[in-house]
Amino acid sequence: MRGTLALAALTLLVPPAAAQTLPGTKPLTMKGDLAAQMVAGIDTYLTRATSAAVEKRKDLWKPDFSSPAAYAKSVQSNRERLRKILGVIDVRLPVKEMELVGTTDQPALIAETDRYKVYSVRWPVLSGVDGEGLLLEPRGKPIANVVALPDADWAPEVIVGLAPGAPGPESQFARRLAEQGCRVIVPVLIDRKDTWSGNPKLGRMTNQPHREFVYRMAFEMGRHVIGYEVQRVLAAVDWCTRDKGHAPVGVYGHGEGGLLALYSAALDPRIQVAGVSGYFGKREGLWQEPIYRNVWNLLREFGDAELAALVAPRTLIVEHCRAPEVSGPPPARAGRGGAAPGRIASVSAADVAAEVERARKLAYGRLPLGKSEGLFLVSSPSEKLGAGTLWRDRFLTALAGERESHVEGKPPVDRRKGFDPAPRQRRQFEQLVNYTQGLQPDAAVRREELFAKTDRSTPEKWQASSQPQRDYFWDEVIGKLPASTMPMNVRTRLVYTEAKWKGYEVVLDLYDDVFCYGILLVPNDLKPGERRPVVVCQHGLEGRPTDIVNPKERTRYYNSFGAQLADQGYIVFAPQNPYIGQDRFRVLQRKANPLKLSIYSFIVRQHERILEWLSTLPFVDASRIAYYGLSYGGKVAMRIPALLGRYCLSICSGDFNEWIWKNITLYFRASYMFTGEYEMYEFDLGNTFNYAEMAYLISPRPFMVERGHDDGVGIDEEVAYEFAKVRRHYSRLRLPERTEIEFFAGGHEIHGRGTFAFLARHLRWPPRGAGPGKGQ
């Protein structure tokens, strides 16, 4: 071996015990599964942050309590942010009339009593999307208009008394309101069955509840199943308020309908009274609820009390009662799986009361409301009841004033013969699916508009002019954690001693309970004062650094590419990323999203710290640190180098795709719509950053894609389509040589041919005239 080895020389000067560590670091003494400990630490961080969010919300509110009008104006920005995160952003169609729905066999007038008539109706909401349900029209002039919202698993007929399913007559609240003279509209809600969740033409069906199936694709496109249903409610309100001098408008809901009633009233001041039954309470456990309730950035600004504050000073009636309880998604079974876990349980009386009291302190107790209290808490006589009777007098008095109460009548009788609600439910479900699928072409235009003001005339001007997009990507899409202020506290231990390199486990502190972990490979032939390039080699889903650096075998998928590169004389670092442990890590995404964070929020800060540390090593050339990742590591290759300029180039292997299509299409067997990776979805990514746009943010640094023809994560045509945009972008920067794609005969694996040549060219290793591992 030529020369005196810098690392070996240093090692000889320290005692044998210290030789087991990288010089200048402390001994690593942590035991057990460090990957599992990393995931557990992030979980602890997020649990603590969720609790702290309640107090921090006040920084996002600037209420003016001098008058109801001043207050409404002062919280309008909060209301608009809520509208954005719920995806209530599309302009609704005008609702001039209610369409009666009937056939020659099934009349539109389906039932009547001496107080009201019941019609089957629909109304326009968005292009191709209708509201559908029942209209209860009083025989006299209505005293009020009410949108009555059943739980998601109750058909409208249940709360009208036309079909069984309610816990008792008192839960048939739509007809009870109609008996008192209200006009009542009862929309169909998307239910929790999984009947149509999939694509039978591909043989790909899931056990995702219909609500989750819509949620997944909508979330990616900046919409939400909650937002869509709020739009249906507000379109009904549009109809109720179409004429001057209209009767007052209220909304009342139970279970999932209670959730929608609260959100609808928070967004629309035309709703004068809101009733929320079997839903209101603390939301710090949102991550445990069904994923279709997951709302990006919600808990950072809104709990149920803050939503109530958006209803103020209008009347809000909260009813504590037993909620419709859900133990989880439909059971997984042959040919059906992939649903996210999540359950719904009744909220305790104490938690409901505490959240109501918090709402009182936030708004209702501080506003000049005159004689009206504004916020009421009522409880059913028995927690076993859903949608009790105690709320009704307060609700109607607040909505229509003091009036004579009518004696309750008998339920109406359905005139339809053999009515099946399933086709109606399917129409409502498929309308939302088709609408969301149809957003893709327009989203491509939105992404172009996001970059419309950038300047590609020179690489320097591009970097400067694209900084706002880079900031937006980090702040609004990835989610930005604060920079670490902790010392790195580097700990290492020797784990590999090979002929050409040594390997050290490395742990760096990041935040309380959160650390970085990986394996560093250091060539044995380093010369004194020599600085070499580093390749950060990243594993995929459920992977580990040992898959990357195993010197004894070519590991599956990875072909031990880190060890191969170390054999060629590169310094290699293989980090452990936290996407390991199945639902244990997916829960991190569930806890992070409501805080405006994602799993990448942690990964980007971990890599930032790793780069910070690598740059301090005396044998590292900090200007030549490259990134190369496979599969989930390829997802990181698109996101992290886009944000961290210290990576001098990025290679995405086994992942590059028309990413929005990959996430939401129903016409590709490997679409994430059919799999268990529910954490893949990133809010509004479709309108902001596909993989081409992420690559734009990496430029003008070199960027490469490695793609096996038989890799099932995508298809060549879609990959090539998306990469064509990248190639055009680099050409416009006059740097076409800095990007390339290698297609190879193979599958989901590191090929290590064109990519190794790409690394050698752009990292200038080995030096010209030197063979691999020969140094300078």
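Remember, it's a predicted structure, so these values are computed and weren't measured experimentally.

Definitions and cut-offs
- Residues numbered from 1 in each chain as written.
- Predicted model: local features only at pLDDT ≥ 70, side-chain atom pairs only at ≥ 80, totals over all residues.
- Heavy atoms only, no water.
- Pairing = 2+ DSSP bridges.
- Helix = DSSP H or I, 4+ residues; strand = E, 2+ residues; numbered from the N terminus.
- Polar contact = N/O pair within 3.5 Å; in protein donor to acceptor, adjacent residues only side chain to side chain.
- Contact = heavy atoms within 4.5 Å.
- Core = buried A, V, L, I, M, F, W, Y, C linked by side-chain atoms within 4.5 Å.
- Buried < 20%, exposed > 50% of the residue type's maximum accessible area, 1.4 Å probe, protein only.
- Axes fitted to C-alpha atoms, helices over the stretch in contact; angles between N-to-C directions.

Q: Describe the pairing of strand E3 (residues 109-112), and please don't skip the residues or the numbers.
A: As defined by bridge partners, E3 adjoins strand E4 (residues 116-126) across 3 bridges and the pair is classed as antiparallel. Across the sheet, the residue bridging to Ala111 is Val118, located in E4.

Q: Please set out the side chain of Arg707 residue by residue, giving values where relevant.
A: Secondary-structure assignment places Arg707 in strand E22 (residues 703-708). Here the side chain of Arg707 touches His709 through a polar contact of 3.5 Å, landing on its backbone oxygen. Looking at Arg707, its side chain comes within polar contact range of the main-chain oxygen of Asp711, at 3.1 Å. Apart from residues lying up to four places away in sequence, Arg707 is in contact with Val713, Gly714, Ile715, Asp716, Val719, Glu742, Phe743 and Phe744.

Q: Just give me the short version of the nonpolar core, but keep the residues and values in it.
A: Leu82, Tyr263, Trp613 and Phe703 are the most contacted members of the largest nonpolar core, which totals 188 residues. Dropping the residues within four chain positions of it, Leu82 is found in contact with Tyr263, Ala266, Leu267, Leu298, Phe302, Leu307 and Leu310. Counting residues in hydrophobic clusters, the runner-up holds 30 residues, among them Val118, Val158, Val273 and Leu399.

Q: For the sheet that holds strand E20 (residues 620-630), give the residues involved together with the corresponding values.
A: The 10 strands lie next to each other as E1-E15-E16-E17-E19-E18-E20-E21-E22-E23, forming an open sheet whose pairing is mixed. The strands lining the two open edges of the sheet, one partner per strand, are strand E1 (26-27) and strand E23 (739-744). In the sheet, strand E15 (residues 491-497) pairs with strand E16 (residues 501-511) via 6 bridges, with the strands oriented antiparallel. In the sheet register, Thr492 faces E16, and the bridge partner there is Val506. Here helix H22 (residues 632-643) sits on the sheet in contact with strand E18 (532-538), E20, strand E21 (649-653) and E22, set at roughly 135 degrees to E20. Of the strands in this sheet, E22 and E23 touch helix H25 (residues 716-732), which is tilted by about 160 degrees from E23.

Q: Tell me about the sheet that holds strand E9 (residues 204-206), residues and numbers included.
A: Strand order in the open sheet made by the 3 strands is E8-E9-E13, with mixed pairing throughout. Every interior strand has two partners, whereas the edge strands, strand E8 (198-199) and strand E13 (336-337), have only one. Here 2 bridges tie E8 to E9, and the two strands are oriented antiparallel to one another. The partner of Asn199 across the bridge, within E9, is Arg204.

Q: Account for the environment of Trp613, naming residues and giving values.
A: Turning to its location among the elements, Trp613 is positioned in helix H21 (residues 599-614). Remark: the alpha-carbon pair of Trp613 and Met488, spanning 125 residues in sequence, is separated by 7.8 Å. Here Trp613 is in contact with Leu22, Met488, Val490, Val506, Leu508, Leu520 and Phe573, once residues within four sequence places are set aside.

Q: Kindly report on unusual backbone geometry, identifying the contributing residues and their values.
A: Of the consecutive residues Ala312 and Pro313, the connecting peptide bond is found in the cis state with omega at 5 degrees. The topology assignment puts Pro313 in the loop between helix H11 (304-311) and strand E12 (315-320). Put simply, Trp765 and Pro766 share a cis peptide bond, and its omega is 0 degrees. Summarising the element assignment, Pro766 is placed in the segment after helix H26 (754-763). At Ser560, a position not held by glycine, the phi torsion is positive, near 45 degrees.

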